[in-house]
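Descriptive structure summary
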Amino acid sequence: MSSAIRQEGNVQRVPTHQILAEDIKALGVEQVFGLMSDDTAVFATALDSSGVRFYGARHENNAIAMAEGFASATGKLGIAVIGRGPATANSLHGATYANRTGSKVLIIYGEAAAAAGAANTMGPDYKSFNATGVLGAAGIRVFAASSPGTARAALADAAGTAMQGGLAALLLPTSVQLADMEITAGVPAPTPRPPRAAPVAPRPQAIAAAASLLQQSRKPLIIAGVGAHRAGAKAAIEALAERIGALMVTTVRAKDMFRGHPGDLGIIGSFSHSAGRRLIDQADCVLVFGASLNLLTMSFGHALPKVPLIHVDAVRGNIGRWQAADLAVVGDARLAAEALLEALPAGSNAERPFHAEATRRFLADFDPAKDFQPANTPRTLDHRSLGVALDRLLPQQRNLVYDAGNFLGIVPYLSVPNPGHFKFTSDFASIGMGFGTALGVARGRPDETTVLVVGDGGFLMTMGELETVVREDLPLVIVLMNDCAYGAELHFLKLRNLPVAKSVFPDVDFAPIAEAFGFRAATVRTLDELQSLASLLAKPDGPVFLDCKLNAAVAAPFMSEVHEHETRQR
C-alpha cells in the first residue's frame, strides 16, 4: 500500500482513494456530506484535499438527508460518505427516506477489507454487517468495488444510476481504498452516462378524447401536482384554465404553483381551505396533471365529487395508481397542456361560471387567516396563527423544509415563491428527517433563507445537528413547533378515548441550548413576543432558533380524517 504517486514508464501507481476523489471532482461535484468513520476517514480526507469540501454531520441519517436536501434544492448529484457496519445500520432510515424521494443521491459506504484467503485470521470483526443484503432488501441499488481495477467503473456506474433519479449505494472496501491503482497515460477514466429521456408527447387520440370531455364541462377543475411543476407546465396550465373556464388547485407538494392567480384555490385535500372545498365540490370535470392523487391529496376519498376524471402523467403506471381515472393521457404535463390548448379553440366553452365575476370576487375576498377560530392561550400559540404571523415576518424569498407531525397544520398558512422552495420530508412516514434535509437545502441555496419547521419530537432526535449548523456556517432559521408532546400520537389517542399521558412531555426551554451552540434564540409564547423579533426574522444574520410553544389541543385536520378513515375500515 502507498500514499504517494509512483511512476513506472507510462503507468502511474496511485492510491485508489485519491483517484476516486479526483473522479468525483471531475463529475462537477463541489461538496459531499457524511460522517467520518475509521473506514472512510482516508477517503473523506482525500475528497476534502482535492477541493471537494466535506460537510460533516453528527449522525449518519442526517448526513444522508443533507445529501438529499442538497440534491433536491439544486437538481445536482448529492453524495454522502458513510462508514460500514454500525454506521450503515445507523443510516438505514435516512437511506430509505432518500431512496423514496427520487432525488439524485449517491451514498458511498465503507466496507470490510476484501478477504485475503487466509485460513486463520484475527477476529471477530465487530463491524461485520451484510450491507448488500440489508440495503437490497430496503430496495436500494447496490454497487461494489471488489478491487482497485474495478473501483472506477463501479463508481461511474453508481453515479450514473443516481443521476437518473433515485438512490444508489457504492460499497468501498478499506483494502480497495488503500491499495494502489495502475493508471495508464492516455486511457480515459470511466464516466457515468445517464440516459437523457426526452419529454413524452401525448398521443393525439388521447388529447382528442380529453378535449371532447372538457368541451362538455361547465365547471372544470385542474389539479396540478409536483410533476407538473417539474415539467415547467405552469404557464400552459394557466392558459388552458383561461381557455376552458377552469379553476386551479395543487397538491401539497406543488404548493403555491398558482399563487396570485385569480383562479387559484390553494391546496386540495387534507390541507385545503373552506373556499377551495366549496368550489371543488361544484366541479363537473377534473383534469389532473402530474399528481399521484394519494390519500392526503384525496382526503381519504372525500376531496373530489364523483365526476369524470382525466389523468395526465408522463409515467403510465402512475395513472390510476391510487385513484381511478376515467381517461388516461400518457405524456409530459407541459406538452399535454399545450396540446389541449391546440385542440380546444377559443370560445369552445361558452359557459364559464367558475370565471364569473361573483366567483372571482369571492376568491379575491377570501382570507385563509379568518378560516379558523384562533386557539391561542396566555402561554401557548395556535400553530395556524403562528403560521399566519410567520408568513408576514420571514423573508419572502425562502425555502421551507418540514419535518413531520401534527404541526403540519401550519402548511396552508406559510407561503413559498413556488413548489421548488417547499420540501416535505415524510416520504418514509417518519419524523426526524427534516433537520438534515434543511442543512442540505441551505448548502444548496446559501443566498436564500432556509426555514426548518420541526416538532419537538423530531428535533430531540436530531438536536446534535445544532452544532453542525454553526460549525459548517449554514444559513438556517429553525422554527421549533413545541407542543410538549408527540402531537400526532396525542390526538391519535384522544380520538380513541385512550390515556394520553405517555405522549406528553415536560415543557423544556430549548432556546438557551441553541444559544449555547451559537444561535440567536428566543422562546415564543405569544404573537406579541413573535412580533418583537420582526427585525431579526426579516433579515436573519446567522443561525436563528425560535422555540414556539404551541397549544397541544389544536389538531391538524388530517388527524380526524385518519381516524374517520380507520373507523370506516373496521
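Please refer to the structure higher up on the page.
Residues numbered from 1 in each chain as written. Predicted model: local features only at pLDDT ≥ 70, side-chain atom pairs only at ≥ 80, totals over all residues. Heavy atoms only, no water.

Concerning the overall build of the protein
Scanning the protein from terminus to terminus reveals 23 helices and 21 strands. Its C-alpha radius of gyration of 26 Å places the protein within 12% of the 25 Å reference for a compact globule of 570 residues. Referenced to the eigenvectors of the C-alpha coordinate spread, the extents of the protein come out at roughly 80 × 60 × 50 Å. For the protein, with 570 residues in total, the buried portion stands at 53%. Sequence separation of 24 or more characterises 75% of the internal contacts of the protein that already satisfy a separation of 6 or more. For the protein, the computed accessible surface area is about 24,000 Å², with 53% contributed by carbon and sulfur atoms. In the protein, which carries 50 positive and 53 negative side-chain charges, the distance between the mean positions of the two groups comes to 4 Å. (Helix = DSSP H or I, 4+ residues; strand = E, 2+ residues; numbered from the N terminus. Rg over C-alpha atoms; globule rule 2.2 N^0.38 Å. Buried < 20%, exposed > 50% of the residue type's maximum accessible area, 1.4 Å probe, protein only. Contact = heavy atoms within 4.5 Å. Areas by Shrake-Rupley, 256 points an atom, 1.4 Å probe, with all protein chains shown as cover. Lys, Arg positive; Asp, Glu negative; His and termini not counted. Charge placed at Lys NZ, Arg CZ, Asp CG, Glu CD.)

Focus on the nonpolar core
The biggest cluster of nonpolar side chains holds 42 residues, and the ones touching the most others in it are Y109, F435, I478 and F545. The leading source of residues in this core is helix α3 (residues 60-74), at seven residues. If we skip the residues at most four places from it in the chain, F545 touches F459, L466, I478, L480, F510, A511, A514, F519, R520, A521 and A522. Within the second largest apolar cluster, 38 residues are counted, among which are L400, V451, V544 and M559. (Core = buried A, V, L, I, M, F, W, Y, C linked by side-chain atoms within 4.5 Å.)

Structural notes on the sheet that holds strand β12 (residues 264-267)
What the six strands build is an open sheet, ordered β12-β11-β10-β13-β14-β15; its pairing is parallel. Edge positions in the open sheet fall to β12 and β15 (327-330), since each of these has one partner strand only. Ignoring which end each strand starts from, the neighbouring axes of this sheet average 20° apart. By the bridge criterion, four bridges tie strand β10 (residues 220-224) to strand β11 (residues 247-250) in an arrangement that is parallel. In the sheet register, I222 faces β11, and the bridge partner there is M248. The sheet strands contacting helix α9 (residues 204-215) are β13 (285-289), β14 (309-313) and β15, and the helix crosses β15 at an angle near 135°. (Pairing = 2+ DSSP bridges. Axes fitted to C-alpha atoms, helices over the stretch in contact; angles between N-to-C directions.)

Regarding the pairing of strand β5 (residues 78-82)
The element β5 is extensively covered by neighbouring structure, given that five of its five residues are classed as buried. Both faces of β5 are covered, namely the face carrying G78, A80 and I82 and the face carrying I79 and V81.

Notes on the sheet that holds strand β4 (residues 53-56)
Ordered in space as β4-β3-β5-β6-β8-β7, the six strands form an open sheet in which the pairing is parallel. A strand with exactly one partner marks an edge of an open sheet, and here the two such strands are β4 and β7 (141-144). On average, each strand axis in the sheet is inclined to that of its neighbour by 25°, with strand direction left out of account. Here five bridges tie β5 to strand β6 (residues 104-111), and the two strands are oriented parallel to one another. Bridge pairing in β6 places V81 opposite I108.

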